[in-house]
Amino acid sequence: MPANLPAEAKAKWARYLDAKTPEEKLRALQEFYSSIPKHKGTENLRAWVRRKIAELKEEIAEQKARRRGGGVSFFVQKEGAAQVVMLGETLSGKSTLLRALTNAEPEIRGVPFTTLKPVPGMVRYEDIQFQLVEVPAVVEGMHRGAVWWGSRVLGMARNADLLMIVIDLSNNPVKQLKTIIEELREAGIMLRRPKGRVVIERSKAVPGIRVITLGRLVDATAADVIKLLNSYRIYHAIVKIYGDATLDDVEKAIFERTSFKRALFVLNKVDLVSAPRAEALARKIVEALPDSDAVVVSALKGYRISEIPQRIFRLSGVIRVYTKEPNQQKPSEIPLILKKGATVADAIMKIREEFLQYFKYARIWGPSAKFPGERVGLDHVLEDGDIIEIRTTIKGI
Ligand SMILES: Nc1nc2c(ncn2[C@@H]2O[C@H](COP(=O)(O)OP(=O)(O)OP(=O)(O)O)[C@@H](O)[C@H]2O)c(=O)[nH]1
Ligand SMILES: [Mg+2]
C-alpha cells in the first residue's frame, strides 16, 4: 500500500464483504481482483487476493466432496475460549501432546504422517476451556503445494486464535523452527507484531463509525478514518487503533490482511536431550519473538505438561468478565469471553446488541474498577475477572 484503489474497486470489495456463500464470495473476489490496477502499490494486495481466491476454491471443492460423501473435511468448528492450532513436523509429538492435554484420542504409531486429518480436543484452564486442534504435519514447501494438505493446514493456522508450534528437540530443532516459521511467512502469517494494529468490527448495531484510539493515529484524524471507511461503503463499525498506526494500516485492516499470530513453542522430547540446552533454545525463541512463549516438555513422560494450559490462557489474550443482574448479589458462573482491551461496549455486543442504544451506565467490581461498584461508560476498558452490571433506559433492566 498505499493502494489508491479506484471507486469501482472499492465498490467491488463492498460486494465481496456482503457475499454470503463461498461461491458468491469467490465470484465477488474474482471481480474485485480484475478491478485492482496493476502497480507496485497494489502488489501485496493482489498477492493476498490470489491466495484468498485459491483458499475459497479449495473450500468449495471440499464442500462438494463432503456432499458426495467423500474427501477429508478440514473444517473444525471453533469451540471454547479460543482455537489453538498445533503445527509441527511429523513425529514431533503432536498427537502425544494432544492425548496428554485433552480427552481426544488421536492415533500414535511412531510412523511418519500418522495424523492426516484435523483432530480437536478441549483443554481446561480454571473455569474456561480452549480448543486444541492437531493438524497434519508441516512439510517444507507445503505453501507451494509440496503436500496436498499444505494450503488447508496454513488456512487453518491463519484462522486460528493462537498457534502451538511443536518441536522435536532430538532431531535438529533449529531446522524445524526455521522451516515452520518460513512456511508461515510464505503464507502471510507473521509471528512478529506490526508496530500499529487496527481492528475493524463491522456491526449494523453501531450508529455510524466509532473510532477508539487505544494507541495513536500517526498521520490521520478520526475523520480521515471515517472518510476512508465510507469510501469502501462501510458505514457501521467500531475501529480500534493500537500502537502507532497509520491510515495505511487502517486500509490494510479493511482487507483483514494483518495476520499476526502469537505462538506457544512446545519444545518436546526433553527426555532425550540435554535440558539446559533446551532451556537456552526456549529463551532464544522468546528473545527473537517477544509476543510468543516457549516451554520445554516431555509429552511422553508428562514433564511440565501441566504448565501448558496457563500459558495458552496468557497468550490467547482472552479475559473473563462475569455479568451480574442489577439488585442481585452473585455474578454469573460462566464468564463472558472477551479479548484483552475489550470495552464495556464489546461486552454489551456479546450480551445483547440492542442494549447499546438504551445504555445508561455500567457498574464494575474487580480489577478494572477504581472502587467496587464504580460507574463507567461504554469506552471503559475491562480486565480479566471483572464483574459488570449494565443499566439501560429500558424499564426494569
Ligand atoms: N522420547 C519421547 N518420545 C516421544 C515424546 N513425545 C512423542 N514421542 C514419540 O514420538 C513418536 C511420534 O509421536 P506422535 O505424537 O505420533 O507425533 P505426531 O507429531 O503426532 O506425528 P504425525 O501425526 O505423524 O505428524 C511416537 O513414537 C511417540 O511415542 C516425548 O516426549 N519423548
Ligand atoms: Mg499425530
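Because the structure is predicted, anything quoted here is derived from the model rather than measured. Every chain is numbered independently, its residues counted from 1 as its sequence is written. The order in which chains are written sets their letters, starting at A; the order in which ligands are written sets their numbers, starting at 1. Residue-level local features of this predicted model are given only where pLDDT is at least 70; pairs of side-chain atoms are given and counted only at 80 or more, and the full residue set underlies all totals for whole chains, interfaces and linings. Water and hydrogen atoms were dropped before computing side-chain values, which therefore reflect all heavy atoms in the structure.

## What to know about the site of ligand 1
Inference 1: The nearness test applies per residue and asks whether one of its heavy atoms lies within 4 Å of the molecule or strand. Close to ligand 1 lie 24 residues; K94, S95, T96, T115 and D271 are nearest.
Inference 2: In this structure, S95 approaches ligand 1 through a main-chain N or O atom, which is 2.9 Å from an oxygen atom.
Inference 3: In protein, a polar contact requires one atom able to donate a hydrogen and another able to accept it; more generally it is a pair of N or O atoms within 3.5 Å, and residues adjacent in sequence count only if both atoms are side-chain atoms. With respect to ligand 1, the side chain of D271 contributes an N or O atom lying 2.8 Å from a nitrogen atom.
Inference 4: Protein contact buries 88% of the 650 Å² of open area that ligand 1 shows by itself.
Inference 5: All amino acids are sorted into three groups, where Ala, Val, Leu, Ile, Met, Phe, Trp, Tyr, Cys and Pro are nonpolar, Asp, Glu, Lys and Arg are charged, and the leftover types, Gly among them, are polar. The residue makeup of the shell around ligand 1, split by class, is 9 nonpolar, 10 polar and 5 charged. Methods summary: accessible areas were calculated by the Shrake-Rupley approach with a probe of 1.4 Å, and residue burial reflects only the protein chains presented.

## Details of the packing of helix α3 (residues 43–68) against helix α5 (residues 150–159)
Packed helices, taken two at a time, are described by the angle their axes make and the gap between the axes.
Inference 1: As a rule, the C-alpha atoms of each element are fitted with a line to give its axis, helices using only the stretch in contact, and angles between N-to-C directions run from 0 to 180 degrees. Numbering of helices and strands starts at the N terminus; helices are DSSP runs of H or I of at least 4 residues and strands are runs of E of at least 2. Contact pair α3 / α5: the axes reach a minimum separation of 11 Å and the direction vectors enclose 110 degrees. Between α3 and α5, the interaxial angle falls into the category roughly perpendicular. Counting all contacts with α3, which are made through R51, E55, E58 and E62, the residues of α5 involved are S151, R152, G155 and R158.
Inference 2: The residue inventory of the contact of α3 with α5, partitioned by class, reads no nonpolar, 2 polar and 6 charged. An angle counts as roughly parallel when it lies under 35 degrees, as roughly antiparallel when it exceeds 145, as roughly perpendicular when it falls between 65 and 115, and as oblique in every other case. Any pair of residues with heavy atoms lying within 4.5 Å of one another is described as a contacting pair.

## So, the domain arrangement of the chain
Inference 1: Either an automatic procedure or a domain database provided the assignment from which the domain bounds are taken. Partitioning the chain into domains gives domain 1 (1–71), domain 2 (83–191 + 260–316), domain 3 (194–258) and domain 4 (318–392).
Inference 2: Here domain 2 and domain 3 have C-alpha centroids that lie 33 Å from each other.

## Quick look at the sheet that holds strand β11 (residues 318–323)
Pairing between the strands of a sheet is mediated by backbone hydrogen bonds and can be parallel or antiparallel.
Inference 1: Paired strands, as defined in this entry, are two strands with at least two bridges between them according to DSSP. Taken in spatial order, the 5 strands line up as β12-β11-β15-β13-β14 in an open sheet, and their pairing is mixed. In this open sheet, the two strands that pair with only one neighbour each are β12 (336–339) and β14 (374–376). Ignoring which end each strand starts from, the neighbouring axes of this sheet average 40 degrees apart.
Inference 2: Judged from the 6 bridges that link them, strand β13 (residues 359–365) and strand β15 (residues 386–392) form a sheet pairing that is antiparallel. Looking at the pairing, F359 lines up with T392 of β15.
Inference 3: Here helix α11 (residues 344–351) sits on the sheet and contacts β11, β12, β13, β14 and β15; the angle it forms with β12, its principal contact strand, is near 135 degrees.

## Looking at the pattern of salt bridges
Inference 1: The salt bridge criterion pairs a side-chain nitrogen of Lys or Arg with a carboxyl oxygen of Asp or Glu, the two atoms within 4 Å. According to the stated counting rule, one finds 28 salt bridges in the structure shown.
Inference 2: Taking the shortest distance from any N to any O, the salt bridge between K175 and E140 comes out at 3.8 Å. Of this pair, K175 sits in helix α6 (residues 173–186) while E140 sits in the loop between β3 (128–134) and α5, placing them 35 residues apart in sequence.
Inference 3: Relative accessible area decides the class of each residue, using a 1.4 Å probe on protein chains only: under 20% of the type maximum gives buried, over 50% gives exposed, and in between gives partly exposed. Owing to a relative accessible area of 46%, K175 belongs among the partly exposed residues under this scheme.
Inference 4: A salt bridge links K269 to D168; the nearest nitrogen and oxygen atoms lie 3.2 Å apart. In this pair, K269 is assigned in the loop between β9 (263–268) and α9 (275–288) and D168 in strand β4 (residues 162–168), connecting sequence segments 101 residues apart.

## Notes on the packing of helix α1 (residues 7–18) against helix α2 (residues 22–35)
Inference 1: The geometry of α1 relative to α2 is characterised by a closest axis approach of 8 Å and an angle of 165 degrees between their N-to-C directions. When the interaxial angle is binned, α1 and α2 end up roughly antiparallel. The handedness of the crossing between α1 and α2 is left-handed. Of the residues in α2, those touching α1 at E8, A9, K12, W13, R15 and Y16 are K25, A28, L29, E31, F32 and S35.
Inference 2: Split by residue class, the contact of α1 with α2 holds 6 nonpolar, 1 polar and 5 charged. For a crossing to be left-handed, the near helix must be turned anticlockwise from the far one by less than a right angle; the clockwise case is right-handed.

## A word on the nonpolar core
General note: in soluble globular proteins, nonpolar side chains tend to be found buried as a group.
Inference 1: In terms of nonpolar packing, the biggest core is built from 37 residues, with L87, L163, I165, L184, L191, F265 and L267 touching the most fellow members.
Inference 2: Those elements giving two or more residues to this core turn out to be β1 (83–88), α5, β4, α6, β9, α9 and β10 (293–296).
Inference 3: Contact partners of L87, with chain neighbours within four places excluded, come to K94, V135, V138, V153, A157, L163, M164, I165, V166 and L184. Each nonpolar core is a collection of buried residues, namely Ala, Val, Leu, Ile, Met, Phe, Trp, Tyr and Cys, held together in the definition by side-chain atoms within 4.5 Å.

## Some words on the pairing of β3
Inference 1: Across the 7 residues of β3, 6 count as buried, placing the element largely inside the fold.
Inference 2: Sheet analysis places β1 next to β3, joined by 4 bridges and oriented parallel. Pairing of V84 across the sheet is with L132, part of β3.
Inference 3: The sheet contact formed by strand β2 (residues 119–125) and β3 spans 7 bridges and is antiparallel. By the bridge assignment, M122 is partnered in β3 with Q131.
Inference 4: Connecting β2 to the antiparallel partner β3 that follows it, the hairpin turn spans 2 residues, and E126 within it adopts a positive phi of roughly 50 degrees.

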